[in-house]
Amino acid sequence: MRVLSGIQPTGNLHLGNYLGAIRNWVRMQDEMDSESQCFFFLADMHSITVHEGREQRIRNVRDMAAALVAAGIDPDRSVLFNQARVPAHAELCWLLNGTARIGWLNRMTQFKDKVGKDREGASIGLFVYPVLQAADILIYNATHVPVGEDQKQHLELARDIATKFNTDFGVDLFTMPAPIIPKESARIMSLRDGTAKMSKSDPSDMSRINLTDDDDAIMTKVKKAKTDPEPLPETAEGLAGRPEANNLVGIYATLSGTTPDAVCAEFAGKGFGAFKPALGEVLVETLRPIRERFMELRTDDAALDAILDKGAARAAAAAEPTLRAAYDAMGLMR
Ligand code: ADP
Ligand code: TRP
């Protein structure tokens, strides 16, 4: 098993990132046997599709590294690095640009969502983004890629690119990667609107729980979270058409390792006045140790840089044979 995943170091991590992505990485890392390996990276080369000042970009990479370590990624067991330090990603992306088709990229819903009506004004980088992502995955011959539901299409594209490259050049170079999408916690919704996903780009800070929020802030946000006046139903079926209630029950179930049905059974007939403090409590207990480690780690840039140095060296060594084989398959002298 070769596990690989990436996350953009865009700052302001929230509960959605933790439950939707990072926690699954930690689980996979912790379940690894000695034959398997995990690669986790900060997709800073992807993040250039969003304009950011130099200093902030540097800060974001270190912060995300600190957050991952705080959440349980062990840089001795997993290869933790930032993409910009391993040029093989960008090199393979260029080679794969010969294989990927414009028609394939035109179908990418994330690109369409992000550009909205201004397609002409979007950067080429944003359009080609999924090819770089395919390179990220294929360069390590990753077999398992833990991602959120929204990345499924990018994984399919990576498989299409891998298949076409292998066929076009008559090689058996790239391994087919499989997305690993957790069923529960796949989508954490905004605390202000149960139909919008929790996101760092939501203008209202009350809509999300940040990894940097202290205990009081978490409690306040949960207590002010939008709900409906109905009590909790007896089974999860009764949450249909109640997006806010459904979200809060889902978060509680995920954090306490049970199912929405079990949570409903526990709180059936009670109102949110009773449920919210319980939810706040679980959230506070889960996030406090992570926040405390995060705050401590982010004060030591030298230690974070050392972690990323070591990770980049290990990643570059792992990427090199695949990159060399790709150049060779194409008849490019290198
Ligand atoms: P944001 O929406 O805040 O900009 P990103 O798009 O940078 O977050 O996502 C980073 C990672 O976190 C991705 O793997 C994504 O699937 C996951 N993620 C982001 N928001 C959520 C959410 N609300 N619920 C579950 N997972 C999420
Ligand atoms: N596009 C992914 C996201 O927005 C991040 C990412 C970049 C990624 N390269 C990757 C995820 C490779 C998995 C594998 O969440």
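All values reported here derive from a predicted model rather than from experimental measurement. (Residues numbered from 1 in each chain as written. Chains lettered and ligands numbered in written order. Predicted model: local features only at pLDDT ≥ 70, side-chain atom pairs only at ≥ 80, totals over all residues. Heavy atoms only, no water.)

**Quick look at helix α9 (residues 243-256)**
In an α-helix, one full turn covers 3.6 residues, which means residues spaced three or four apart are oriented alike.
Then, number 1: With 14 residues, α9 extends 20 Å from end C-alpha to end C-alpha; this agrees with the ideal 20 Å at 1.5 Å per step.
Then, number 2: Most of α9 sits inside the fold, with 10 of its 14 residues counted as buried.
Then, number 3: On its buried face, α9 is in contact with α1 (15-31), α10 (260-267) and α11 (272-297).
Then, number 4: Positive phi shows up at G257, right after α9, with a value of about 65°. (Helix = DSSP H or I, 4+ residues; strand = E, 2+ residues; numbered from the N terminus. Expected span 1.5 Å × (residues − 1). Buried < 20%, exposed > 50% of the residue type's maximum accessible area, 1.4 Å probe, protein only. Contact = heavy atoms within 4.5 Å.)

**Concerning unusual backbone geometry**
Then, number 1: In this structure, N141 takes a positive phi of about 50° despite not being glycine.
Then, number 2: Secondary-structure assignment places N141 in the loop between α6 (124-138) and β4 (144-146).
Then, number 3: By relative accessible area, which is 23% here, N141 ends up partly exposed.

**Focus: the site of ligand 2**
Then, number 1: Near ligand 2 you find 13 residues, and of these H46, Y129, Q133, D136 and Q151 are the closest.
Then, number 2: D136 has a polar side-chain atom sitting 2.6 Å from a nitrogen atom of ligand 2.
Then, number 3: Contact distances for ligand 2 include 3.1 Å between a nitrogen atom and a side-chain N or O atom of Q151.
Then, number 4: In isolation ligand 2 offers 360 Å² of accessible surface; the protein chains occlude 88% of this area. (Near = heavy atom within 4 Å. Polar contact = N/O pair within 3.5 Å; in protein donor to acceptor, adjacent residues only side chain to side chain. Areas by Shrake-Rupley, 256 points an atom, 1.4 Å probe, with all protein chains shown as cover.)

**A word on the pattern of salt bridges**
Then, number 1: Overall, the coordinates contain 22 salt bridges when judged by the stated rule.
Then, number 2: Across the pair R62 and D305 runs a salt bridge, and its minimum N-O distance is 2.9 Å. Of the two residues, R62 sits in helix α2 (residues 54-71) while D305 sits in helix α12 (residues 301-330), which places them 243 residues apart along the sequence.
Then, number 3: A relative accessible area of 27% means that D305 is categorised as partly exposed.
Then, number 4: As a salt-bridge pair, D74 and R77 come within 3.2 Å of each other at their nearest N and O atoms.
Then, number 5: With relative accessibility at 44%, the residue R77 sits in the partly exposed group. (Salt bridge = Lys/Arg side-chain N within 4 Å of Asp/Glu carboxyl O.)

**Quick word on the domain arrangement of the chain**
Then, number 1: In terms of domain boundaries, the chain breaks down into domain 1 (2-186 + 300-330) and domain 2 (205-296).
Then, number 2: Here domain 1 and domain 2 have C-alpha centroids that lie 31 Å from each other.
Then, number 3: Listed as interface residues are 15 residues of domain 1 and, on the opposing side, 14 residues of domain 2.
Then, number 4: In this assembly, domain 1 packs against domain 2 so that about 1200 Å² is buried in total across both faces, 69% of it on carbon and sulfur atoms.
Then, number 5: It is L15, Y18 and A70 that lose the most area in domain 1 upon contact with domain 2, and together they represent 42% of the buried surface on that side.
Then, number 6: Between domain 1 and domain 2 we count four residue pairs in polar contact (both at pLDDT 80 or more) in total.
Then, number 7: Secondary structure elements with two or more residues in the side of domain 1 that touches domain 2: α1 and α2.
Then, number 8: Counting residues per element, the side of domain 1 that touches domain 2 draws most heavily on α2, which supplies five residues.
Then, number 9: The residue inventory of the side of domain 1 that touches domain 2, partitioned by class, reads eight nonpolar, three polar and four charged. (Domains from an automatic or database assignment. Buried area = accessible area lost by both parts, 1.4 Å probe. Nonpolar A, V, L, I, M, F, W, Y, C, P; charged D, E, K, R; others polar.)

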